[in-house]
Amino acid sequence: MLVPGDVTLYDLHKIIQAAMGWMNCHLHQFIIGGEYYGIPSEDDWEPMIDERKYRLAEIAPTERSKFIYEYDFGDGWEHDVVVEKILPREPDGKYPYCLKGKRACPPEDVGGIWGYEEFLKAMKDPTHEEHETYVEWWGGIFDPEDFDLERTNRRLQTIDEYERWDEL
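Here's what I pulled together on the structure shown here. (Residues numbered from 1 in each chain as written. Predicted model: local features only at pLDDT ≥ 70, side-chain atom pairs only at ≥ 80, totals over all residues. Heavy atoms only, no water.)

**A word on the overall build of the protein chain**
Secondary structure summary: the protein chain contains 5 helices and 5 strands in total. Taking the principal axes of the C-alpha coordinates as reference, the protein chain spans close to 50 × 40 × 30 Å. The buried share among the 168 residues of the protein chain stands at 39%. For the protein chain, the share of sequence-separated contacts (at least 6 apart) that also reach a separation of at least 24 residues comes to 58%. (Helix = DSSP H or I, 4+ residues; strand = E, 2+ residues; numbered from the N terminus. Buried < 20%, exposed > 50% of the residue type's maximum accessible area, 1.4 Å probe, protein only. Contact = heavy atoms within 4.5 Å.)

Pasting the structure below:
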């Protein structure tokens with residue numbers, strides 16, 4: 001992914017959602033140097049730093065900077081975010097932009113890593129007791145090897161239009 005360094009962590013959250021093909025239906029947070037960044041709420045268990053006030057270049061200023069993005073605390077998706085390279089911004093560049101990807105993103109609300117494993121088993125095996133249920137829930141057969149770079153970049157260019165992503 002090419003992401004400008006001046007994006008806020010909140011915008012980075014939306015970029016990750018678009019890249020993954022998720023719909024921003026659950027809570028999220030970033031964990032950076034042992035501190036939690038997100039949208040502060042009175043219900044927070046830990047002190048939460050407002051992610052809307054911090055930019056990527058501030059919290060990850062060097063190559064190989066690394067932090068955690070957590071999404072959907074029930075499913076427990078945890079992603080390591082690593083700054084691989086810092087490049088000069090192209091004047092005519094479209095950001096954010098996905099350069100390449102591999103495999104399909106797990107469906108939202110599939111039950112985390114363990115639910116996804118069971119989902120894949122059921123999808124692959126027409127005799128599995130949950131096969132028909134998952135096919136109906138997903139709306140067809142799920143191909144875990146599928147990755148569509150053009151569709152991903154269309155979503156990235158329409159980040160604030162979540163409700164349209166399924167059409168892109």
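Here the narrative resumes, following the displayed structure.
**A few points about the packing of helix α3 (residues 112–124) against helix α4 (residues 131–138)**
Running from N to C, α3 and α4 cross one another at 105°; their axes reach a closest spacing of 8 Å. Judged by the angle between their axes, α3 and α4 are roughly perpendicular. In contact with E118, F119, A122 and M123 of α3, α4 contributes H131, Y134, V135, W137 and W138. Split into classes, the residues belonging to the contact of α3 with α4 amount to 7 nonpolar, 1 polar and 1 charged. (Axes fitted to C-alpha atoms, helices over the stretch in contact; angles between N-to-C directions. Parallel < 35°, antiparallel > 145°, perpendicular 65-115°, else oblique. Nonpolar A, V, L, I, M, F, W, Y, C, P; charged D, E, K, R; others polar.)

**Re the pairing of strand β5 (residues 77–82)**
A one-sided burial pattern is seen for β5, the buried positions being W77, H79 and V81 and the unburied ones E78, D80 and V82. In the sheet, strand β4 (residues 66–71) pairs with β5 via 6 bridges, with the strands oriented antiparallel. What sits directly across from F67, in β5, is V81. Taking the residues that link successive antiparallel strands as the turn, the β4-β5 hairpin has 5 residues, and the phi of D72 there is positive, at about 55°. (Pairing = 2+ DSSP bridges.)

**Examining the pattern of salt bridges**
If you walk through the whole model with that rule in mind, you get 7 salt bridges. Among the ionic pairs, K14 bridges to D11, the shortest N-O distance being 3.5 Å. Residue K14 and its partner D11 are located together in helix α1 (residues 9–20), separated by 3 residues, close to a single helical turn. With relative accessibility at 11%, the residue K14 sits in the buried group. With a shortest N-O distance of 3.1 Å, R103 and E145 are connected by a salt bridge. (Salt bridge = Lys/Arg side-chain N within 4 Å of Asp/Glu carboxyl O.)

**Regarding the side chain of D75**
If you trace the backbone, D75 turns up in the loop between β4 and β5. For the buried residue D75, which engages in no salt bridge, the nearest side chain bearing the opposite charge is R103, 16 Å off. Beyond its immediate sequence surroundings of up to four residues, D75 is in contact with D109, V110, G111, G112 and I113. (Lys, Arg positive; Asp, Glu negative; His and termini not counted.)

**Focus: the side chain of N153**
Within the element layout of this structure, N153 appears in helix α5 (residues 149–157). Relative accessible area serves as the criterion here: at 10%, N153 is assigned to the buried category. Among residues more than four places away in sequence, those in contact with N153 are Y97 and C98.

**Some details on the environment of F147**
In this fold, F147 is placed in the loop between α4 and α5. As a C-alpha pair, F147 and C105 span 42 residues in sequence and 8.2 Å in three-dimensional space.

**Regarding α5**
Among the residues of α5, T152, N153, R155 and L156 are the ones counted as buried. Taken around the axis of α5, the buried residues stretch over an arc of 155°, which confines them to a single face. Next to the buried residues of α5 lie α1. Its side-chain oxygen 3.1 Å from the backbone nitrogen of E150, D148 forms the N-cap of α5. (Arc of directions from axis to C-beta. Polar contact = N/O pair within 3.5 Å; in protein donor to acceptor, adjacent residues only side chain to side chain.)

Everything listed here is a matter of geometry and, on its own, says nothing about what the molecule does.
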